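Working through the structure, step by step
Listed here are the chains, written in short residue letters.
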Amino acid sequence: MRQMWKWMIPLAVVGVMFSLPVHAQRRMGGPGFGPPWGAGPAMAAQGQTAAPAALKDYLGLTDQQMQQLLDLRRQTAEDNRGVVEQIRAKRQELATLMQTANPDPAKAGQLLVDIRKLEDQRRTRLDEFRTKALGLLTAEQKQKLAELEKALTLGPAARQAVGLGLIAPPRQGAGMMGGAGPLAPMRGARLRALRRAQGRA
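Residues numbered from 1 in each chain as written. Predicted model: local features only at pLDDT ≥ 70, side-chain atom pairs only at ≥ 80, totals over all residues. Heavy atoms only, no water.

Looking now at the pattern of salt bridges. Applying the stated criterion across every chain, the model contains 10 salt bridges. Lys-56 serves as the salt-bridge partner of Asp-63, at 2.3 Å between the closest nitrogen and oxygen. In this structure, Arg-81 engages Glu-78 in a salt bridge whose closest nitrogen and oxygen atoms are separated by 3.2 Å. With a gap of three residues between them, Arg-81 and Glu-78 both fall in helix α4 (residues 63–98), about one helical turn apart. Take Arg-81: its relative accessible area is 35%, and that puts it in the partly exposed class. If you follow the salt bridges from partner to partner, you end up with Arg-91, Glu-119, Asp-120, Arg-122 and Arg-123 in one network. (Salt bridge = Lys/Arg side-chain N within 4 Å of Asp/Glu carboxyl O. Helix = DSSP H or I, 4+ residues; strand = E, 2+ residues; numbered from the N terminus. Buried < 20%, exposed > 50% of the residue type's maximum accessible area, 1.4 Å probe, protein only.)

Now the structure itself:
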């Protein structure tokens, strides 16, 4: 019984800590980034990168700036590819270890330490990318970007205001920045359902 308690508590902690990076990795998507800007599933699977036209227009990016950003993003993803593959391999190793009858807590702990170090390497590259990317923008473009960042935090409140009828919804079929997006049909269906519900109220 004493031997059982020696590893039960550490393994419980390992299980909780292991679950967090898994969710974070699912949110991140690819090697250091999510799907390419403006890319659908097929394009994302092929590793292609589409230029975000709406963002380019809003910030007033030149063709040269846009290309520099795309090249920088592609290079960062490539640099992180090996690290991400190592993270996945070690997570798989840890998951396999945890499924055994008597997991070794020392080995599980070392795998967690290795994963954390690799995650730190990945985040460091992403931070470096962001610093370099911002360095390509003018002061005016940085100000517009800050406004976009603020608008992103207001998204949930804006949707709720639309739901209550306090503000008019965007025109049907419009994506972000007024352009058509892949979620436009879904948003249109929700808006139609909302209008029907408001008509019955």
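Within helix α7 (residues 155–163) the residues assigned to the buried category are Gly-155, Ala-161 and Val-162. Taken down its axis, α7 places every buried residue within 125° of arc, on the same side. In the stretch just after α7, Gly-165 is the one whose phi turns positive, near 80°. (Arc of directions from axis to C-beta.)

Attention now moves to the packing of α4 against helix α5 (residues 105–135). Two packed helices can be described by the angle between their axes and the distance between those axes. It is at 9 Å that the axes of α4 and α5 come closest, and there the two elements cross at 170°. In terms of axis orientation, α4 runs roughly antiparallel to α5. Taken together, the residues that form the contact of α4 with α5 break down as 15 nonpolar, four polar and 11 charged. (Axes fitted to C-alpha atoms, helices over the stretch in contact; angles between N-to-C directions. Parallel < 35°, antiparallel > 145°, perpendicular 65-115°, else oblique. Nonpolar A, V, L, I, M, F, W, Y, C, P; charged D, E, K, R; others polar.)

Here Gln-141 shows up in helix α6 (residues 139–153). Polar side-chain contacts of Gln-141 include one of 3.5 Å to the backbone oxygen of Leu-59. Within the structure, Gln-141 has its side chain in polar contact with the backbone oxygen of Gly-60 (distance 3.1 Å). (Polar contact = N/O pair within 3.5 Å; in protein donor to acceptor, adjacent residues only side chain to side chain.)

On the surface, Leu-164, Leu-166 and Ile-167 cluster together into a nonpolar patch covering about 350 Å² of accessible area. With respect to the helices, strands and loops of the structure, Leu-164 is situated in the loop between α7 and α8 (184–200). Leu-164 sits in the exposed class, given a relative accessible area of 67%. (Patch = residues over 30% accessible without salt bridge, like charges linked within 9 Å, V, L, I, M, F, W, Y side chains within 5 Å. Areas by Shrake-Rupley, 256 points an atom, 1.4 Å probe, with all protein chains shown as cover.)

Scope: geometric values only; no functional claims are made or implied.
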